[in-house]
Amino acid sequence: MTLELGVALDPALPPDAMTALAQRAEEAGLDLVVIDPGDLDPWTTATWLLGSTKSVPIGVTLTPTGAPDPRDPDAGYPSVAERARDSLDLLAGARLITDPDAWTSAPADLSPAALESAASTSVPLVVPVATEAEVDRVARLLVEHGGPRPSGPRRTSSVWAKRRPGIAYDDVPASLAATAVEPGDAAYRAVRSTYLRGGRPGLVLRPTTPAQVADALRFAGHHRHLPLGIRSGGHGVSGRSTNDGGLVIDLGGMSSIEVLDAPSRRVRIGPGATWKQVAAALDPYGWALGSGDYGGVGVGGLATAGGIGFLSREHGLTIDHLVAVEMVLADGSIVRADREENPDLFWGVRGAGANLGIVTAFEFEVYEVAEVGSAQLTLVVPDIEEALLRFGAVAAAAPRDTTVFLVTGRPRAEGAVIQLYGLVDSPDPEVIVERLTPFASLGALVQQQVFRARYTDVMNQAPDVGSDGHHGHGEPHARSGLIPALTGDLARDAAQMLRTGDVYFFQLRTMGGAIADVDPDATAFAHRTAAFQVTAMGGDPAALDTAWSRLRPHLEGLYLSFETTTSTERVADAFPPATLARLRELKQRVDPTNLLRDNFNIFNIVNIEPSENR
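Residues numbered from 1 in each chain as written. Predicted model: local features only at pLDDT ≥ 70, side-chain atom pairs only at ≥ 80, totals over all residues. Heavy atoms only, no water.

Each helix and strand in the protein chain was counted, giving 20 helices and 23 strands. For 614 residues, the compact-globule estimate of 2.2 N^0.38 gives 25 Å, and the C-alpha radius of gyration of the protein chain, at 28 Å, lies within 12% of that figure. For the protein chain, buried positions account for 55% of its 614 residues. Of all intrachain contacts in the protein chain linking residues separated by at least 6 positions in sequence, the fraction that spans at least 24 positions is 74%. Within the structure as shown, the protein chain displays about 25000 Å² of accessible surface, and the carbon and sulfur contribution to it stands at 53%. (Helix = DSSP H or I, 4+ residues; strand = E, 2+ residues; numbered from the N terminus. Rg over C-alpha atoms; globule rule 2.2 N^0.38 Å. Buried < 20%, exposed > 50% of the residue type's maximum accessible area, 1.4 Å probe, protein only. Contact = heavy atoms within 4.5 Å. Areas by Shrake-Rupley, 256 points an atom, 1.4 Å probe, with all protein chains shown as cover.)

Quick look at the structure:
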């Protein structure tokens, strides 16, 4: 058995003596220092000892904080305690343990024989000490025991104390054990949350090969009682790629970008690459591949849902340039799909890929793009209803080389602020100005930024996500829809929705053009005739639904990437009946046990209860 041994400090000791003993225990290689602060504040004591040591976990029992009592000035608030805990984890490397069940107390006269028996426990054993000599004695006991020490990823009691129920941590496949991240690991903070959402998954598996993805899926198959998130870049608005207490398969390490054949402009891209990385890799060849509007988005999520972006009106959706995928199915089999090999799977992965497997490599045929005109305009309009209607007419009439999106929020009494941003695929300044002038005339132009740039420079405006990952803390609720035309009735109802104040973010993405050139039956993304994709976000899901109900009669379809509900009605909105029937038949073949379910699940949808994102 692996033995972990620590010390419990005498609460009667002066603070300086406590600090010295904790440092002595760390130098001696002990595994845990437990403190009883006595008359001192436990948070302050723990913080001081964490700051006075470098690596040894510090255990302290804190008073649980339940529901706050506004009548009690000393009552603890869980949210405040949670934030304090996060801060300590960040500053001290996740070494604080507050669960008293994470250690076992031993008598001061612990003998070597008793140590043998204690070694059979699964938590560290702590021995009370009051002097450096006693610390040294405990350290000698550890050396004399001579048993195995923790190996592989250094997971001490601070990690074990934070393990979530229902996960067989010891059964993590050997191929994934070295890179798996648990709550309490130093890397956990970097992988727990996504761009917009705070998460607390119980285990994050980080495969880097298709075989390891297969291992991860087999492990997930033994944990069907837990949420399962699949993550590429971790940006997703729909919120599927993190959870609370479940599993996450993080594909961020599969981010290679390779040119397979220059004459045909064929490239191979891993699901964990971001679109700014893709744009940078293609730029030296004079190539580009349209994605969304933000370079920080990961390839895997977008390229299996659609891809409505700045170049879509000219070149189609991202999935329209996909020529093959390699993917791991729910049973762990590794397959390739293109128009000749597994054509049904290739059809389905272009619009509903998250239901069918995990794509480990995408092969695209990209196109040539030179310098483009990038625009960001801010306007004040006196009447939001009129502005929306005029924007719809201007955007729909624009040449295919021009794509402009609109963002706004609650109108003010003195007028509404709308932000327009987009791209003109031309290096000619006169063409860029000509294309943008109708948009700039929609209201009083109060701010503008228009410049010529490479497409990679446009995507590169998204900041890098460093080694410390995303740090989203919110739980946004979003509704998505597709509309065939921006009519006067729709503009009126959208304006009424915005005036409620229940929508803080409203976006119109211009579609049409080359998107509509593709046969609706060619891909699982079938709503090819939509003129706009609309998104509304709010903080209260019930209020948001009430506000959104004004727009629902105008909608004909739904885009998965911006919808946070997973109800049967919304799944039916996302796919026309014939498409959904074909997808369900395909799902039965490639994922008959519905392992990949935490998305817009198409499996046996009649039994799925409406729900918000988990």
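In this section: the sheet that holds strand S10 (residues 257–261). The sheet built from five strands is open, its strands ordered S10-S11-S15-S13-S14 with antiparallel pairing. With partners counted over all chains shown, the strands left at the sheet margins are S10 and strand S14 (334–337), one partner each. Taken over all neighbouring pairs, the strand axes of this sheet differ in orientation by 20° on average, direction set aside. Both strand S13 (residues 322–328) and S14 contribute to a ladder of four bridges, which runs antiparallel. Residue pairing for S14: Met 327 is matched across the bridge by Val 335. This element, helix H10 (residues 275–282), spans S10, strand S11 (266–269) and strand S15 (358–365) of the sheet and lies at about 45° to S10. (Pairing = 2+ DSSP bridges. Axes fitted to C-alpha atoms, helices over the stretch in contact; angles between N-to-C directions.)

Our focus in this paragraph is empty space enclosed by the protein. Applying the stated criterion to the full structure yields two cavities of 30 Å³ or more. Estimated volume of the largest cavity: approximately 60 Å³. Forming the walls of the largest cavity are Ala 305, Gly 351, Ala 524, Phe 525, Ala 526, His 527, Leu 558, Tyr 559, Leu 560, Ala 574 and Phe 575. Of the residues that constitute the lining of the largest cavity, the class distribution is nine nonpolar, two polar and no charged. For the second largest cavity, the full set of lining residues is Asp 86, Arg 189, Arg 192, Ser 193, His 470, His 471 and His 473. Of the residues contributing to the lining of the second largest cavity, the split by class is no nonpolar, four polar and three charged. (1 Å grid on protein atoms, 1.4 Å probe; cavity = no way out; pocket = protein on both sides within 12 Å on 5 of 7 lines; lining within 4 Å. Points joined across faces, edges and corners; volume = space filled by probe spheres on them. Nonpolar A, V, L, I, M, F, W, Y, C, P; charged D, E, K, R; others polar.)

Within the secondary structure, Arg 435 is located in helix H15 (residues 429–440). Within the local environment of Arg 435, its side chain forms a polar contact with the side chain of Asp 401, the two groups lying 2.9 Å apart. Setting aside anything within four residues of it in sequence, one finds Arg 435 in contact with Pro 399, Asp 401, Thr 402 and Val 424. (Polar contact = N/O pair within 3.5 Å; in protein donor to acceptor, adjacent residues only side chain to side chain.)

Our next topic: the pairing of strand S19 (residues 416–424). Burial analysis of S19 places seven of its nine residues in the buried class, which makes it a mostly covered element. In this structure, strand S17 (residues 372–381) lies alongside S19, joined through nine bridges in antiparallel fashion. By the bridge assignment for S19, Ala 375 is matched with Gly 422. In the sheet, strand S18 (residues 402–408) pairs with S19 via seven bridges, with the strands oriented antiparallel.

A few words on the side chain of Lys 162. Position of Lys 162 among the secondary structure elements: in the loop between helix H6 (157–160) and helix H7 (174–177). Residue classification places Lys 162 among the buried residues on the basis of a relative accessible area of 15%. Not counting the four nearest positions on each side in its chain, Lys 162 is found in contact with Arg 85, Asp 89, Ala 94, Leu 96, Pro 183 and Gly 184.

As a further point, take the pattern of salt bridges. Applying the stated rule across the entire model yields 32 salt bridges. Across the pair Glu 475 and Arg 197 runs a salt bridge, and its minimum N-O distance is 3.0 Å. Of the two residues, Glu 475 is situated in the loop between helix H16 (455–459) and strand S21 (477–483) and Arg 197 in the loop between helix H8 (188–191) and strand S7 (203–205); the sequence distance between them amounts to 278 residues. The exposure class of Glu 475 is partly exposed, given its relative accessible area of 40%. The buried category is assigned to Arg 197, whose relative accessible area is 1%. Between Glu 363 and Arg 266 there is a salt bridge, with the nearest N and O atoms lying 2.8 Å from each other. Residue Glu 363 is found in strand S15, and its partner Arg 266 is found in strand S11; the two are separated by 97 residues along the sequence. Owing to a relative accessible area of 6%, Glu 363 belongs among the buried residues under this scheme. Note on Arg 266: relative accessible area 22%, which makes it partly exposed. Connected through shared salt-bridge partners, Arg 266, Arg 268, Glu 326, Arg 336, Asp 338 and Glu 363 make up one network. (Salt bridge = Lys/Arg side-chain N within 4 Å of Asp/Glu carboxyl O.)

With 54 residues, the main nonpolar core has Trp 275, Met 327, Phe 364 and Phe 575 as its most contacted residues. When residues of this core are assigned to their parent elements, the largest contribution, five residues, is made by helix H13 (residues 343–352). Residue contacts for Phe 575: discarding those within four places in its chain leaves Gly 351, Ala 352, Ala 524, His 527, Leu 560, Leu 580, Leu 583 and Ile 602. If you look at the next biggest cluster of nonpolar residues, it comprises 42 residues, including Ala 375, Val 381, Ala 416 and Leu 498. (Core = buried A, V, L, I, M, F, W, Y, C linked by side-chain atoms within 4.5 Å.)

As a further point, take the sheet that holds strand S6 (residues 125–129). Reading across the sheet, the six strands line up as S4-S3-S2-S1-S6-S5 and stay open at both edges, with parallel pairing between neighbours. Only two strands of the sheet have a single partner each, and these edge strands are strand S4 (96–97) and strand S5 (104–105). Pairing of strand S3 (residues 58–60) with S4, which is carried by two bridges, proceeds in the parallel orientation. Following the sheet pairing, Ile 58 is matched in S4 by Leu 96. Of the strands in this sheet, strand S1 (5–9) and strand S2 (32–35) touch helix H1 (residues 15–27), which is tilted by about 175° from S1.

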